[in-house]
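# Structural overview for review
Each chain, letter by letter, is given below.
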Amino acid sequence: MQLEISPTTNGERPDAWCVFIIGNPSPSVKLPGPSLFATITSFFNKLEGALYQILERRLIQQVREFLRRAYDLDLPKIVVEQPPKVELGEYAMPFAFELAKRLRKAPRKIAEEIVAGVGPIEGFDRLEVAGAGYINARVKRAEVAAALAADERAKVDVPEGKILVEHSSINPNKAAHIGHLRNAILGDTFVRLLRFAGREVDVQNYIDNTGVQVADVVVGFRLNGITLDQLRRSIEDPLFELTLPLFQLPQRSPGPTLVPGPARPFDYVCWDVYAATSQWYEANPEQGRGMRNEVLHAIEAGDNPQAEMAEVISTAVLRRHLETMDRLDIEYDFLPRESEILHLHFWDAAFTKLKEGGVLFYETEGKNKGCWVMRRAGTTKKPETAESADKAAEDAESGGDVAEEDQKVIVRSNGTVGYVGKDIAYHMWKFGLLGRDFAYRRFYQYPNQHQCWISATEGEKDHPHFGDVAEIYNVIDARQSEAQNTVIEALRGLGYNAQAEHYTHFSYEMVALTPRCAAELGYQLSDEDKAKSYIEVSGRRGFGVKADDLLDRLIASAKSEVDPRHPQLSEQERRAVATQIAIGALRYFMLKYTKPSVIAFDFKDALSFEGETGPYAQYAVVRATNIFRKGGLDPDQFGGDRARPVPTEELARHLEGEDGNDIWQLWLAAAKTAYLVDQCIATTEPAYLAKHAFQLAQLFNYFYHRHPILNEVNEGRKQFLLATVAVVRRELIRTLGVLGITVPPVM
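Now for a look at the structure at hand. These figures come from a predicted structure and were not determined experimentally.

### Some points on the overall build of the chain
Looking only at helices and strands, the chain features 28 helices and 17 strands. The buried share of the chain, taken over its 747 residues, is 55%. Here the analysis covers contacts within the chain between residues at least 6 apart in sequence; of these, 72% occur between residues at least 24 apart. For the chain, the exposed surface amounts to about 32,800 Å²; the carbon and sulfur share of it is 48%.

### Let's talk about the environment of I207
Within the fold, I207 resides in the loop between β7 (201-204) and α7 (212-223). Separated by 36 residues in the primary sequence, I207 and N171 place their C-alpha atoms 6.5 Å from one another.

### A closer look at the layout of surface pockets
In this structure, the largest pocket occupies an estimated 1,200 Å³ of space. Together, 42 residues line the largest pocket, and S169, N171, Q213, D477 and Q480 are the ones closest to its centre. Looking at the lining of the largest pocket, the elements that each hand over two or more residues are α6 (178-196), α7, α10 (285-301) and α15 (419-430).

### Notes on helix α16 (residues 481-493)
Its 13 residues place the ends of α16 18 Å apart at the C-alpha level, agreeing with the 18 Å of an ideal helix rising 1.5 Å per residue. Listed as buried for α16 are A483, Q484, T486, V487, I488, A490 and L491. Positioned one or two residues after α16, G495 has a phi angle of 90 degrees, which is positive.

### Here's the deal with the packing of helix α21 (residues 571-592) against helix α27 (residues 687-706)
One way to put it is that α21 packs onto α27 with a least axis distance of 8 Å and a crossing angle of 120 degrees. Considering the angle they form, α21 stands oblique to α27. Helix-helix and strand crossings are classified by hand; for α21 and α27 the assignment is left-handed. Counting all contacts with α21, which are made through Y588, L591 and K592, the residues of α27 involved are A687, A690, K691 and F694. Partitioning the contact of α21 with α27 into residue classes produces five nonpolar, no polar and two charged.

### Focus on the packing of α7 against helix α9 (residues 266-283)
Two quantities define a packed helix pair, namely the angle between the axes and the distance from one axis to the other. Packing of α7 against α9 leaves a shortest axis separation of 8 Å and a crossing angle of 85 degrees. It follows that α7 is roughly perpendicular to α9 by the angle criterion. Of the residues in α9, those in contact with Q213, D216, V217, V219, G220, F221 and L223 of α7 are F266, V269, C270, V273, Y274, T277, W280 and Y281. Counted by class, the contact of α7 with α9 contains 11 nonpolar, three polar and one charged residues.

### A short note on the side chain of D202
Within the secondary structure, D202 sits in strand β7. A distance of 3.1 Å separates a polar atom in the side chain of D202 from a polar atom in the side chain of K162. Setting aside its immediate chain neighbours within four residues, D202 contacts K162, I163, L164, V165, D333, H465, F466 and G467.

### Regarding the nonpolar core
Ranked by size, the top nonpolar core spans 153 residues in total, and within it F95, Y332, L586, F601 and W667 carry the most contacts. Considering each element in turn, this core owes the most residues, 11 residues, to α21. Excluding residues that lie within four positions of it along the chain, F95 makes contacts with V63, L67, L75, I78, I114 and I135. Ranked by size, the runner-up nonpolar core spans 41 residues in total, among them V359, F431, W453 and A500.

### Topic: the sheet that holds strand β5 (residues 134-139)
One open sheet accounts for three strands, arranged β3-β5-β4; its pairing is antiparallel. Each end of this open sheet is capped by a strand with a single partner; those strands are β3 (91-93) and β4 (124-130). The sheet shows a mean angle of 20 degrees between the axes of neighbouring strands, taken without regard to direction. With three bridges connecting them, β3 and β5 associate as antiparallel partners. Counted as the bridge partner of A92 is N136 from β5. Contacting β4 and β5, helix α4 (residues 107-118) crosses the sheet at an angle of about 165 degrees to β4.

### What to know about the sheet that holds strand β11 (residues 407-411)
A sheet is described by the order of its strands in space; here three strands give the open sequence β9-β10-β11, paired in antiparallel fashion. Edge positions in the sheet fall to β9 (361-362) and β11, since each has one partner strand and no second. Taken together, the four bridges between strand β10 (residues 372-375) and β11 define a ladder with antiparallel strand orientation. Across the sheet, V373 pairs through a bridge with V409, a residue of β11.

### Let's talk about the packing of aromatic side chains
The full count for this structure, using the stated rule, is 29 aromatic pairs. Where F700 meets Y704, the ring centres are 6.3 Å apart and the plane angle is 40 degrees; that geometry is what we call tilted. Of this pair, F700 and Y704 both sit in helix α27, separated by four residues, roughly a single helical turn. With relative accessibility at 1%, the residue F700 sits in the buried group. With a relative accessible area of 29%, Y704 lands in the partly exposed category. Grouping aromatic residues by their ring pairs yields a cluster made of Y206, F334, F346, Y426, W429, F438, Y440 and F466.

### Here we look at the environment of N205
Relative to the assigned elements, N205 resides in the loop between β7 and α7. Overall, N205 belongs to the buried group, its relative accessible area being 4%. Between the alpha carbons of N205 and E166 there is a distance of 5.6 Å; along the sequence they are 39 residues apart. If we skip the residues at most four places from it in the chain, N205 touches H167, S168, S169, I170, L322, Y332, F334, L335 and P336. Among the polar contacts listed, one links the side chain of N205 to the backbone nitrogen of S169, at a separation of 2.8 Å.

### Describing the environment of V746
Mapped onto the elements, V746 comes out in the segment after α28 (715-738). Placed 121 residues apart in sequence, V746 and T625 show a C-alpha to C-alpha distance of 9.5 Å. Residue contacts for V746: discarding those within four places in its chain leaves H566, L569, V577 and V622.

### Some details on α6
With 19 residues, α6 ought to run about 27 Å at 1.5 Å a step, and its terminal C-alpha atoms sit 27 Å apart, in line with that. In terms of burial, α6 is a largely internal element, 16 of the 19 residues being buried. With its phi angle positive at about 90 degrees, G198 sits one or two positions after the end of α6.

Rules and cut-offs
Residues numbered from 1 in each chain as written. Predicted model: local features only at pLDDT ≥ 70, side-chain atom pairs only at ≥ 80, totals over all residues. Heavy atoms only, no water. Helix = DSSP H or I, 4+ residues; strand = E, 2+ residues; numbered from the N terminus. Buried < 20%, exposed > 50% of the residue type's maximum accessible area, 1.4 Å probe, protein only. Contact = heavy atoms within 4.5 Å. Areas by Shrake-Rupley, 256 points an atom, 1.4 Å probe, with all protein chains shown as cover. 1 Å grid on protein atoms, 1.4 Å probe; cavity = no way out; pocket = protein on both sides within 12 Å on 5 of 7 lines; lining within 4 Å. Points joined across faces, edges and corners; volume = space filled by probe spheres on them. Expected span 1.5 Å × (residues − 1). Axes fitted to C-alpha atoms, helices over the stretch in contact; angles between N-to-C directions. Parallel < 35°, antiparallel > 145°, perpendicular 65-115°, else oblique. Left-handed = near helix turned anticlockwise from the far one by under 90°. Nonpolar A, V, L, I, M, F, W, Y, C, P; charged D, E, K, R; others polar. Polar contact = N/O pair within 3.5 Å; in protein donor to acceptor, adjacent residues only side chain to side chain. Core = buried A, V, L, I, M, F, W, Y, C linked by side-chain atoms within 4.5 Å. Pairing = 2+ DSSP bridges. Phe/Tyr/Trp six-rings, centres within 6.5 Å; stacked < 30°, edge-to-face > 60°.

Here it is, written out as structure tokens:
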């Protein structure tokens, strides 16, 4: 599809033409008279991947080649910045200051020599010296704008190998809460970033269905005399209410219930049972410890009533978790479970390798007596002498005298395997190092027909291939850093250094509530709590926001705004719009903070249509779409099915001068989407793309208020302004899509 930008407003034939191509150029395009089409097409076809990034690489390459020729220097890294004002250029390089000592010249003198000697660079207008030695680079605005409008991204070399992203990994013992949402949204967004960059990605959600959290819920139901049949009935029949005489549970959890009738969803019931069991443990520590250990052993052994109860509970809660995440358009490919890691003897295979490799040793004294332990990550000390080096080698083989505080227990003295041990086995499988595989069966089919698989001891013959990947990203909160480092050190200890280098702990901080938000949810706060900047949540205490309650509350709040604004829409349409706004608000709120930041969630802040929020960015797209609608144009087809003449010289004129600088800043920001995606992947920080969406929306709103587009009397300028809107709208939709945010038709 093409948008032909033709010449004049007075009907005369042009001396030259400029063509925007949106989509692939048609072979039937024929231009009258002389044309700039060949020059710009050449520029298009040499672009690879992200426009802004490719220009930057081209600039660096040519400057590096000049430095080799002129000074016999090879700079491994040339820093490129953005000038403080767009009128100073699009790129700034400060490396002349770095070279001043080596070349014994003033930075400005070096910069002048480089600018004079580099020569022309394709896509660039010129290089300039600025200040005491900066080199500013100016691009050919008209060419770059034409390339951006064309939206042609040539194929790039994508690294081989599949990437595995593990996220969510919620214990299947209770309803998902707000903290789990940050994990899932971060993980899902990182998956979208990788796929946008052309990578093949497997999405996995690790299910700890044999751990203490599930055991505690089993204990809670047993204390109340609940049978397997009663559990199954409560899961299958939404009107069947379990009677739990020992625990005084609330009639309803805070927030609206998702099912009709008196019963609560099963994961909500488990939420309350888990909290009540934790309180019972505090009152009965010895009895509680004994019951927990008994149930843990039974679950790990399998094939007994307690293990069956754990299976029923964890499977039902897991299904609810998938339904909750599906509301946010978050999907998984495979659900590996700890039960199969044990029952298919993954751990046994890993245990043998770890012992033979000297990674694990058996402790015969001290508080860890009877345990299999390994040295904690980061505690290995460098030997100071040859004699101590020999002693260290002996210690490594036998376990040696590793201080207790430097020991990490992998297998407890009672024979149960800790979380980290099973995680080591799981990650050896991920990298294809274990020599074993799961059986697989279908578990959950999403409304879009995407199939989610689950591990099994006996499975289906035909299934996708999982595992054996090139890279791993684990989205796990910062409190698990030690456990993650232990897994990495175990891989290194076994000699798998390459795999350890491609194992990334995608760490993030917790989510809390503002005191205002906690009070709105009905929690009783002390005066001390009210003075805090945030209130921590706790699953064991039952204090927190369930994910479904939060979503329902956000949708209801958004709908209260949509209803009076759009009474012409049906109830179903208004609810659909409210849902898109609510999900956009939630996802953006979780993504706009950098990962090390503690988030204090607040309903009012998240749903605001102003400021750095999801609805603000969504509204910019709606506003852009309305411009085309009012003009009787289809924004998705604009420029695609008909030629729209605008003179080439006028195109250049629109991007010059003070007014042109403002508009060019908007075009330049729109050109950075793919560049920002690459930055987010390299730094494992999606917040940069969220910030990009906000800044692009800000610049567009400024542009919108300054330029009455549809009332522009100059037809050539009007078409240019519409092309600007089309490009920004496209890039905003694309950016929000990578963030997992869709745009409603109205706001």
